[in-house]
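# Descriptive analysis of the structure
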Amino acid sequence: MLDPRIRLRHLRCFLETARLGSLSAAADVLNVSQPAVSKTIRELEEVLGKPLFDRSHRRLTMTAVGRVFQQHAGAAMAELSRAQSLVKDTPSRITRLSVGVLPTAATSLMPRAALAFRETHPNCLLRVSTGPNWLLMSQLRESSLDLVVGRMGTTEVMQHLSFHHLYSEDIAAVVRPNHPLTQAAEPLDALDGYPLLLPPPGAVIAPLVRAFLSRHGIAAQSAAFESVSLAFGRRVVQSSDAVWFISRGVVEDELDAGTLIALPLGNDVRGGPIGISMRADGVLTEEQTGLIRALETARTELRPLGQNPA
């Protein structure tokens with residue numbers, strides 16, 4: 001049974017402090033003073049009999065108990081808000097969900113999921129942004145984005161983030177139809193001398209591609225272009241003898257249509273995980289959960305070349 005001493009102001013104050021990681025930031029959002037926020041948090045801790053925050057360091061951090069309480073209290077507050085909306089019968093209420101999408105998921109997976117999501121959540125405005133991995137992950141940490149869909153980042157990038165795996169995807173070396181390398185018995189042995197279009201530093205697949213080229217004695221520094229843009233890469237490759245190393249998901253439609261050709265690379269470029277990155281301490285909203293379900297369904301419906309469902 002809920003302790004009658006716990007009020008909504010205690011929960012709101014705790015959840016905002018946990019989300020922002022700062023008493024002063026929570027005070028600004030709640031339009032109260034910082035001492036008032038601190039007092040309210042201490043009242044809640046006294047009722048619960050456990051510390052929710054570790055105050056021994058300069059930066060405020062949640063205790064293990066605090067993380068458990070945040071998960072369940074956040075879900076309870078979300079359900080209360082949803083119940084209020086249902087009772088008030090306001091079907092036109094618009095919610096918003098901001099998602100960052102890396103190029104590998106932007107051509108097929110995300111559009112399919114977005115259309116399915118629209119069917120189940122017609123009153124949610126889905127805002128989709130694209131950009132380099134470092135930028136999207138930074139925006140995710142700052143709460144400018146709710147989710148990021150694409151490749152899993154490095155250990156350093158994924159600090160304080162969680163990853164929901166959807167499938168694994170390979171890297172392809174793509175060329176135009178009738179490219180000389182399509183007739184080569186061992187195209188990798190003849191790769192040197194052709195213009196290379198590589199993913200730029202900061203792209204998740206950049207280290208994998210550079211390591212692959214190094215193993216075959218090809219200097220990545222000799223690349224002619226750097227880009228993961230479909231519009232740019234497609235035109236350059238179709239208009240020249242350039243070889244583009246890119247995630248298969250980016251050029252899936254072109255490979256299916258035969259307007260680009262993938263050179264055989266064997267198993268030398270391993271597939272990487274594609275999925276959904278989220279803040280590790282966040283509480284999923286009903287809209288976020290709905291989009292994750294839509295992405296999982298889209299994953300099972302798609303069978304792109306070189307992809308293995310999880």
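The paragraphs below set out a description of the structure included in this document. (Residues numbered from 1 in each chain as written. Predicted model: local features only at pLDDT ≥ 70, side-chain atom pairs only at ≥ 80, totals over all residues. Heavy atoms only, no water.)

### Topic: the packing of helix α1 (residues 8-20) against helix α2 (residues 23-30)
Packing of α1 against α2 brings their axes to within 8 Å, and their N-to-C directions diverge by 125°. Classified by the interaxial angle, the pair formed by α1 and α2 is oblique. Viewed along their axes, α1 and α2 form a crossing whose handedness is right-handed. Where α1 approaches α2, its residues Arg12, Cys13, Glu16, Thr17, Arg19 and Leu20 are matched on the opposing element by Leu23, Ala25, Ala26, Val29 and Leu30. (Axes fitted to C-alpha atoms, helices over the stretch in contact; angles between N-to-C directions. Helix = DSSP H or I, 4+ residues; strand = E, 2+ residues; numbered from the N terminus. Parallel < 35°, antiparallel > 145°, perpendicular 65-115°, else oblique. Left-handed = near helix turned anticlockwise from the far one by under 90°. Contact = heavy atoms within 4.5 Å.)

### Some details on the sheet that holds strand β11 (residues 261-262)
On the basis of which strands lie adjacent, the open sheet formed by 5 strands has the order β9-β8-β10-β7-β11 and mixed pairing. Two strands close off the open sheet at either side, each with one partner strand: β9 (225-226) and β11. Strand direction decides the pairing type here: strand β8 (residues 196-198) and strand β10 (residues 243-247), joined by 2 bridges, are parallel. From the neighbouring strand, Leu196 faces β10, where its bridge partner is Val243. Along the sheet, helix α8 (residues 206-215) makes contact with β7 (171-175), β8, β9 and β10, crossing β8 at roughly 145°. Against the sheet, helix α9 (residues 230-238) touches β7, β8, β9 and β10, its axis set at about 150° to β10. (Pairing = 2+ DSSP bridges.)

### Quick word on the packing of aromatic side chains
In this structure the tally under the stated criterion is 4 aromatic pairs. Geometrically, the ring pair formed by Phe212 and Phe245 is tilted, given 5.7 Å between the ring centres and 50° between the ring planes. Of the two residues, Phe212 is situated in helix α8 and Phe245 in strand β10; the sequence distance between them amounts to 33 residues. Classification of Phe245 as buried rests on a relative accessible area of 1%. Residues Phe225 and Phe232 carry aromatic rings whose centres are separated by 6.1 Å and whose planes lie at 70° to one another, so their mutual orientation is edge-to-face. Here Phe232 falls in the partly exposed class, since its relative accessible area comes to 36%. By way of ring pairs, the aromatic residues Phe14, Phe53 and Phe69 are connected into one cluster. (Phe/Tyr/Trp six-rings, centres within 6.5 Å; stacked < 30°, edge-to-face > 60°. Buried < 20%, exposed > 50% of the residue type's maximum accessible area, 1.4 Å probe, protein only.)

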